[in-house]
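Here is how the chains run, residue by residue.
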Amino acid sequence: MLEASIALLSPEEVEQAQQTLLRLVDGLEQVILGQRELLELVVICLLAQGHMLLEGLPGLGKTELIKTLSALLGLDFRRVQFTPDLLPSDIIGAPILEDGDGHRRFVFHRGPIFANLLLADEINRATPKTQAALLEAMQERRVTVMGESHPLPVPFFVLATQNPIELEGTYPLPEAQLDRFTFKLDVHGVSSDTLEEIINTRRHGRPPKVDVVLAHEDFTHLFDQVDQIHLPRAVASFIARLVSATNPANETAPEEVRRFVRFGASPRAAIALAGTSRAAALLAGKPNVGFDEVRRVAKSVLSHRLILDYSARLEGWTPSRVVELLLDAVPEVARELPADVRTNDSAGSR
């Protein structure tokens, strides 16, 4: 098996990686106050080399979070404000006719997408044609212009924001693009105590400056360590059955899924769930993925991939509520697994 050929991390390596990641989260918390769980999920998504969609009201720090993340990691950062008049070439770049050595030829001028971290601010305000310019980049980590492919920097992340209100004049992201976002995270407001701290410490709303806490090569090395986190067979089975149960045509789908879900999650969701569960285990200082890690990231991975029937809203159902139902309805250990696999894998995932 391929998994057996990958060397597992030692306890010392796991602890060292965890301490490094906690420093990164602590650095984010210096700027984004009162949002520890959100910050940890952001780090988990990046560890899994995934793209992220942040949704929240204006002024909650979505853009500042992404800018701080790039500063802490020393990544090349570009911001694009998505508007209805934005063109695909404004993001990807375009060939420009230039003179040289007595000849005229097209030379490709790179756009802002050629960065480690691309902030697509208010992504749903651009037209579908412009939104689609990101599809190849998000999946293949490259762009193609006039038949020529150009690889993007490594690592490459798209972190997008959108506003749940002021939807007039916006263009909802198509399902194919939503599926390319590993996580969709809701950014909520903070407590009154946190607001008081912001008022007392942030003159004019300016956040403190932060220094790089993780070098580029050290950050990419963490990707390899995430791959070395062991995924027990029982946990992999749970992930597969959980994703399968989101599809109403599946015989294991609960009654509520058959009634309210039109389309469930794709195999890409199962891959994302496994990858982010490994990253969550590393952040927790564990060499094995447990069921708790799957439960922690399931809502962020699955909610934006579920398409509900129109009647679901009338009944008060949301994608997040469906995921919560599935986490309760799908058993952690499948009955069809042999007893020795259930026992050994469940014990190893703790």
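Predicted, not measured: the structure shown is a model, and the values here were computed from it.

Within the protein chain, the secondary structure is distributed over 16 helices and 11 strands. In terms of C-alpha radius of gyration, the protein chain reaches 22 Å, essentially the compact-globule figure of 20 Å for 350 residues. Expressed along its principal axes, the backbone C-alpha trace of the protein chain runs to roughly 75 × 50 × 50 Å. Counting every position in the protein chain, which comprises 350 residues, the buried fraction comes to 48%. Nonlocal contacts in the protein chain, meaning residues at least 24 apart in sequence, comprise 75% of its contacts between residues at least 6 apart. With an accessible surface of roughly 17,500 Å², the protein chain has 51% of that area assigned to carbon and sulfur atoms.

Take the nonpolar core next. Grouped together as the largest cluster of nonpolar side chains are 78 residues, with contacts concentrated most on Met 52, Leu 69, Phe 183, Phe 219, Leu 242 and Leu 273. Residues contacting Leu 242, with those up to four places away along its chain left out, are Leu 273, Val 294, Ala 298, Leu 302, Leu 326, Leu 327 and Val 330. If you look at the next biggest cluster of nonpolar residues, it comprises 26 residues, including Ala 137, Val 158, Ala 160 and Leu 173.

As a further point, take the packing of helix 2 (residues 36-47) against helix 3 (residues 62-73). Direction vectors running N to C along helix 2 and helix 3 enclose 55°, while the axes themselves pass 12 Å from each other. As summarised for this structure, helix 2 and helix 3 are arranged oblique, according to the angle between their axes. Considering how the two elements wind past one another, helix 2 and helix 3 form a crossing that is right-handed. In contact with Leu 38, Leu 39, Val 42 and Leu 46 of helix 2, helix 3 contributes Leu 65, Leu 69 and Leu 73. Looking at the contact of helix 2 with helix 3 residue by residue, the classes come out as 7 nonpolar, no polar and no charged.

Our focus in this paragraph is the sheet that holds strand 9 (residues 181-187). Spatially, 2-5-8-1-9 is the arrangement adopted by the 5 strands of the open sheet, whose pairing is parallel. Here the strands that pair on one side only, and so sit at the sheet edges, are strand 2 (77-81) and strand 9. Across the sheet, the mean angle separating the axes of adjacent strands is 15° when strand polarity is ignored. Note that strand 1 (residues 51-56) and strand 8 (residues 157-162) share 4 bridges and pair parallel. The partner of Glu 55 across the bridge, within strand 8, is Gln 162. Its contacts with the sheet put helix 2 on strand 1, strand 8 and strand 9, and the angle it makes with strand 9 is roughly 170°.

Conventions used here
- Residues numbered from 1 in each chain as written.
- Predicted model: local features only at pLDDT ≥ 70, side-chain atom pairs only at ≥ 80, totals over all residues.
- Heavy atoms only, no water.
- Helix = DSSP H or I, 4+ residues; strand = E, 2+ residues; numbered from the N terminus.
- Rg over C-alpha atoms; globule rule 2.2 N^0.38 Å.
- Buried < 20%, exposed > 50% of the residue type's maximum accessible area, 1.4 Å probe, protein only.
- Contact = heavy atoms within 4.5 Å.
- Areas by Shrake-Rupley, 256 points an atom, 1.4 Å probe, with all protein chains shown as cover.
- Core = buried A, V, L, I, M, F, W, Y, C linked by side-chain atoms within 4.5 Å.
- Axes fitted to C-alpha atoms, helices over the stretch in contact; angles between N-to-C directions.
- Parallel < 35°, antiparallel > 145°, perpendicular 65-115°, else oblique.
- Left-handed = near helix turned anticlockwise from the far one by under 90°.
- Nonpolar A, V, L, I, M, F, W, Y, C, P; charged D, E, K, R; others polar.
- Pairing = 2+ DSSP bridges.

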